[in-house]
Amino acid sequence: MTDVPYEEWRARAAGLVPHTGHHIGGEFTGTAATPVVSPRDGKTIAHVASAGRPEVDAAVAAARRAFDTGPWPRLAPAERKAALLRWADLIERDRSTIALLISLEMGKPISESYGIELRAVINCVRWYAEAADKQLDESPRTGGSSLALVTREPVGVVAAVVPWNFPLTMAAWKIAPALASGCTAVLKPAEESPLSALHLAALAAEAGLPPGVFNVVNGPGEVAGRALGEHPDVDVLAFTGSTEVGRHFLRYAAGSNLKRVWLELGGKSPNIILPDAPDLDAAADTAAWGIFFNAGEMCTAPSRLLVHRSIASRVVDRVVARAESLRTGDPLDPSTEMGPLVSLSHHARVMSHIQAAKSDGARLRTGATADGRFIAPTVFDQVKPDMRLAREEVFGPVLAVLEFDSVDEAITLANDTDYGLAAAVWTSDLSTAHKVSRSLRAGTVWVNCYEEGDMSVPFGGVKQSGHGRDKSLHALDKYTDLKTTWIEL
Ligand code: NAD
């Protein structure tokens, strides 16, 4: 939360002067020509530079130089740690400004950009900074006349292409472990959310990260994102975004230098409530919070509520009541619980899912109304597994409720999806919890909670939700190569 009042946030927004160029080799460059429109009021916040291939080439060249001949990969890990900790301190110093930029560019309520997103970003950078000097290499036991070393080396230039829904958290989950490992990086934020990323780059320079270690280029995915995906000098491409664009990155890699591609993609996560849930009201409240948090623009959103028929009406009535009590409004008002959708085109896409649910015969319980850039929290029940609302990711505040009669049926329904990012089960029975968790094909399973965790646990999907793992010490493996050195003594 934030103690700063609404008027103060509005005054600060009016006085903001965001960075607008690309950040390449430690400097801002480029002509700011592309408008960044705020979903808050449709007004242009700033213009930013937009990269074509030449700017992407320049950013990759800066990262390449910084990796091949610069100090960063050669520093003692403790020195990289110190630099990353300075960066985290500066992010904390500018926490309000960066939170404001996020709320303005993508519409997240300020209490959440300040209280949740910035906390996560600062924590992530500190966590990987601290991890930098605590990694050990291996020396397997070999015969008396030889010595084997298995060492991890930084992979080189990492490109990160990220979405707008958690613009800096998604970036930090990739950039922090990459830099801690000794790699250099080029970040391409989403077109909707370039300003917060540029502020991060300015702070990296202020923290003393050598030029070229962390670069930011803005621009359309099909141009700047594609150029990174196809670039012969990018060693690893870390992507978070839609499954459709994830496929492109695999093709780009196959058609270029076979760079490693790590994918964190979409979801259609099932949230199973069994009749023996420890607290049905808490389960219902969490189901509502989960789908409406961040206006449903969440890869892990529990968008399919699977509820046992015997408790369905009680649970769904409460979810509907929660939906109707949510405060939608200006993202800069600290009391706002749900902001507008990120853009008019995304708004239209979410409304088309609502239309489809109606014409497929799902029963509308609440919501489905559009007011400008907002969509009211929406709940459909009597959803059937073959309806579009049960199958496709909406990425908006729209819940599909499906009922079941047995645990086995719930598991079948839960796994009846192309995705496998997250899932949850609510039960008081320890064995049921473990059995269901083992049966669910998902990267994360929550028991009697949702969206819980911390930096120590990996995050990522199976099936068409991708295969990379962000967070935890495991993420460091994505940005390092194993090297074997065998010495005959
Ligand atoms: P998106 O796939 O449209 O865009 C993501 C990024 O890819 C943006 O930077 C965009 O510019 C770029 N891009 C778009 N088209 C491209 C192309 N042809 N070539 C190269 N780059 C391209 O996704 P979005 O709308 O920004 O975000 C929503 C999606 O992200 C949802 O599917 C959501 O589930 C997913 N997501 C996943 C996670 C996760 O960790 N699994 C987290 C957040 C969001």
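Residues numbered from 1 in each chain as written. Predicted model: local features only at pLDDT ≥ 70, side-chain atom pairs only at ≥ 80, totals over all residues. Heavy atoms only, no water.

**Quick word on the site of the ligand**
- Taken together, the neighbourhood of the ligand is formed by 30 residues, with Glu191, Ser242, Tyr252, Leu265 and Glu393 sitting nearest.
- A distance of 3.1 Å is found between an oxygen atom of the ligand and a side-chain nitrogen or oxygen belonging to Trp164.
- Between the ligand and Gly241 there is a distance of 3.5 Å, counted from an oxygen atom to a backbone nitrogen or oxygen.
- Protein burial of the ligand: of its 850 Å² of free accessible surface, 91% is covered by the chains.
- Elements with a minimum of two residues in the shell around the ligand: helix 8 (221-230), strand 9 (236-240) and helix 9 (243-255).
- Among the residues making up the shell around the ligand, the classes are represented as 16 nonpolar, eight polar and six charged.
- When residues of the shell around the ligand are assigned to domains, at least three map to each of domain 1 (6-265 + 465-488) and domain 2 (270-460). (Near = heavy atom within 4 Å. Polar contact = N/O pair within 3.5 Å; in protein donor to acceptor, adjacent residues only side chain to side chain. Areas by Shrake-Rupley, 256 points an atom, 1.4 Å probe, with all protein chains shown as cover. Helix = DSSP H or I, 4+ residues; strand = E, 2+ residues; numbered from the N terminus. Nonpolar A, V, L, I, M, F, W, Y, C, P; charged D, E, K, R; others polar. Domains from an automatic or database assignment.)

**Description of the side chain of His346**
- Here His346 shows up in helix 12 (residues 344-360).
- The exposure class of His346 is buried, given its relative accessible area of 2%.
- A polar contact of 2.9 Å, which involves the side chain of His346, links it to the side chain of Arg349.
- Residues within four places of His346 in sequence aside, it is in contact with Trp164, Glu297, Leu341, Val394 and Phe395. (Buried < 20%, exposed > 50% of the residue type's maximum accessible area, 1.4 Å probe, protein only. Contact = heavy atoms within 4.5 Å.)

**A short note on the pairing of strand 6 (residues 157-161)**
- In terms of residue burial, strand 6 counts as a mostly covered element, since five of its five residues are buried.
- Pairing of strand 6 with strand 7 (residues 184-188) involves five bridges; the strand directions are parallel. By the bridge assignment for strand 7, Ala160 is matched with Leu187.
- Handedness of the crossover joining strand 6 and strand 7 through helix 6 (residues 167-180) is recorded here as right-handed.
- The pairing of strand 6 with strand 9 spans four bridges and is classified as parallel. Within strand 9, the position partnered with Val161 by the bridge is Phe239. (Pairing = 2+ DSSP bridges. Right-handed = clockwise from strand over helix to strand, strands pointing away.)

**Comments concerning the pairing of strand 12 (residues 304-308)**
- Of all five residues in strand 12, five are buried; the element is thus mostly enclosed.
- Pairing of strand 11 (residues 270-273) with strand 12, which is carried by four bridges, proceeds in the parallel orientation. Bridged to Pro270 within strand 12 is Arg304.
- Crossover handedness for the path strand 11 to helix 10 (residues 280-292) to strand 12: right-handed.
- By the bridge criterion, five bridges tie strand 12 to strand 17 (residues 398-404) in an arrangement that is parallel. Note that in strand 17 the partner of Leu305 across the bridge is Val401.

**Section: the packing of aromatic side chains**
- Per the stated rule, a full pass over the model turns up 10 aromatic pairs.
- Seen in terms of ring centroids, Trp87 and Phe214 are 5.4 Å apart; in terms of plane orientation they differ by 55°. Their pairing is tilted. Here Phe214 lies in strand 8 (residues 214-216) and Trp87 lies in helix 3 (residues 77-93), a separation of 127 residues in the sequence. Each member of the pair, Trp87 as well as Phe214, carries the same accessibility label: buried.
- Residues Trp446 and Tyr450 carry aromatic rings whose centres are separated by 4.6 Å and whose planes lie at 45° to one another, so their mutual orientation is tilted. Here Trp446 matches Tyr450 in class, with each residue buried.
- By way of ring pairs, the aromatic residues Phe166, Trp289 and Phe293 are connected into one cluster.
- Taking the ring centre of Tyr114 as reference, the NZ or CZ of Arg95 above it sits at 4.3 Å. (Phe/Tyr/Trp six-rings, centres within 6.5 Å; stacked < 30°, edge-to-face > 60°. Lys NZ or Arg CZ within 6 Å of the ring centre and 35° of its normal.)

**A short note on the sheet that holds strand 16 (residues 378-381)**
- Read across the sheet, seven strands follow the order 13-16-17-12-11-18-19 without closing on themselves; strand pairing throughout is mixed. The sheet is open, and its two edges are formed by strand 13 (363-366) and strand 19 (444-447), each paired on a single side. In this sheet, adjacent strand axes meet at a mean angle of 20° when their direction is disregarded.
- In the packing of helix 10 onto the sheet, contacts are made with strand 11, strand 12, strand 16, strand 17 and strand 18 (422-426), and the angle to strand 11 comes to roughly 170°.
- Its contacts with the sheet put helix 12 on strand 13, strand 16 and strand 17, and the angle it makes with strand 16 is roughly 25°. (Axes fitted to C-alpha atoms, helices over the stretch in contact; angles between N-to-C directions.)

**What about a nonpolar patch on the surface?**
- A cluster of nonpolar side chains, namely Leu147, Ile487 and Leu489, defines an oily patch on the protein surface of about 260 Å² accessible area.
- Along the polypeptide, Leu489 turns up in the segment after strand 20 (480-488). (Patch = residues over 30% accessible without salt bridge, like charges linked within 9 Å, V, L, I, M, F, W, Y side chains within 5 Å. Salt bridge = Lys/Arg side-chain N within 4 Å of Asp/Glu carboxyl O.)

**Things to note about the domain arrangement of the protein chain**
- With domains assigned, the protein chain is organised as domain 1 (6-265 + 465-488) and domain 2 (270-460).
- For domain 1 and domain 2, the distance between their C-alpha centres works out to 30 Å.
- The partner domain 2 presents 31 residues to the 39 residues of domain 1 that form the contact.
- Summed over both partners, the interface of domain 1 with domain 2 comes to about 3,000 Å²; 64% of that surface belongs to carbon and sulfur atoms.
- By the criterion of area lost to domain 2, the three top residues of domain 1 are Tyr6, Trp164 and Ser465, representing 19% of everything that side buries.
- Taken together, domain 1 and domain 2 are joined by one salt bridge. (Buried area = accessible area lost by both parts, 1.4 Å probe.)

**Concerning the packing of helix 5 (residues 110-132) against helix 6**
- At a minimum axis separation of 9 Å, helix 5 and helix 6 run at an interaxial angle of 10°. Taken together, the axes of helix 5 and helix 6 are roughly parallel relative to one another. Contacts between helix 5 and helix 6 pair Glu117, Ala120, Val121, Cys124, Val125, Tyr128 and Ala132 from the former with Pro167, Leu168, Thr169, Ala172, Trp173, Ala176, Pro177 and Ala180 from the latter.
- Among the residues making up the contact of helix 5 with helix 6, the classes are represented as 13 nonpolar, one polar and one charged. (Parallel < 35°, antiparallel > 145°, perpendicular 65-115°, else oblique.)

**Some thoughts on the nonpolar core**
- One finds Trp87, Ile91, Leu179, Leu209, Phe214, Ile272 and Ile273 to be the most contacted residues of the largest nonpolar core, which totals 130 residues.
- Looking at which domains feed residues into this core, each of domain 1 (6-265 + 465-488) and domain 2 (270-460) gives three or more.
- Discounting chain neighbours no more than four positions away, the residues touching Ile272 are Leu306, Phe404, Ala410, Ala414, Ala424, Val425, Trp426, Val436 and Leu440.
- In this structure, Ile24, Val60, Ala63 and Val186 belong to the second largest nonpolar core, which totals 24 residues. (Core = buried A, V, L, I, M, F, W, Y, C linked by side-chain atoms within 4.5 Å.)

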